[in-house]
Amino acid sequence: QVQLVESGGGLVQAGDSLRLSCAASGRTFRSYAMGWFRQAPGKEREFVAAINGDGVNEVYSESVKGQFTISRNNALFTVYLQMNNLKPEDTAVYYCAAVDKKFPPTVERGYDYWGQGTQVTVSS
């Protein structure tokens, strides 16, 4: 069983940066693929980025490629999402997810464990 807790969200202006963190419980953290999703009000949950257990392979949605960076520190049981040049359309609740798989899924149903989410609001 894995527990995930997101942090780092907040209210920022367009062009600002944020780094989200996801702290995980469990001694098998490094074997889990990790992902970030986001959900805006009235919209479906959307894939953002994912990373494999070793932190070598990264996958991004086309909408954030070159803007966001996913990384992890297995010694700290933490995965990060660096968000640069934020835009109003990035406003959403951001969720961290985990699954005991070698390859990181890019769809919601590919993950077994979810955090409670952290709110990111970007003003114009």
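Visitor: It is not clear to me how the packing of aromatic side chains should be interpreted in this structure. Could you clarify?
Guide: Any aromatic ring pair is given by two values, namely how distant the centres are and how the planes are angled relative to each other. Throughout the structure, instances matching the rule amount to six aromatic pairs. For the ring pair Phe37 and Trp114, a centre distance of 5.1 Å and an interplane angle of 55 degrees mean the geometry is tilted. Here Trp114 lies in strand E10 (residues 113-114) and Phe37 lies in strand E4 (residues 33-39), a separation of 77 residues in the sequence. Taking the relative accessible area as the measure of exposure, Phe37 reaches 1% and is therefore buried. Judged by relative accessible area, Trp114 falls into the partly exposed class, the value being 24%. Site record: aromatic cluster; members linked through ring pairs are Phe37, Phe47, Tyr111 and Trp114. The ring centre of Tyr95 lies 4.2 Å from the NZ or CZ of Arg45, which sits over that ring.

Visitor: How should I be thinking about the state of the cysteines in this particular structure?
Guide: Applying the stated criterion to the full structure yields one disulfide. With its sulfur 2.1 Å from that of its partner, Cys22 forms a disulfide with Cys96. One disulfide, between Cys22 and Cys96, carries an S-S torsion of -85 degrees and so falls in the left-handed class. On the criterion of sequence distance, the pair formed by Cys22 in strand E3 (residues 18-24) and Cys96 in strand E9 (residues 92-99) is long-range, its members being 74 residues apart. Overall, the relative accessible area of 0% leaves Cys96 in the buried class.

Calculation criteria
- Note on numbering: residues in each chain are counted from 1, in written sequence order.
- Since the coordinates come from a predicted model, pLDDT governs what is reported: local features require at least 70, and pairs of side-chain atoms require 80 or more to be given and counted, while whole-chain, interface and lining totals use all residues.
- Heavy atoms throughout the structure, all of them, feed into the side-chain values; hydrogens and water do not.
- Each Phe, Tyr or Trp ring (for Trp, its six-membered ring) is paired with any other whose centre lies within 6.5 Å, and the angle between the two planes then decides the class: stacked below 30 degrees, edge-to-face above 60, tilted in between.
- By the criteria applied, helices consist of DSSP H or I runs no shorter than four residues and strands consist of E runs no shorter than two, each listed in order from the N terminus.
- Exposure is judged per residue with a 1.4 Å probe applied to protein chains only, and the accessible area is read against the type maximum: over 50% gives exposed, under 20% gives buried, and values in between give partly exposed.
- Both a distance and an angle decide whether a charge sits over a ring: NZ of Lys or CZ of Arg must be within 6 Å of the ring centre and within 35 degrees of the ring normal.
- Pairs of cysteine sulfur atoms within 2.5 Å are identified as disulfides in what follows.

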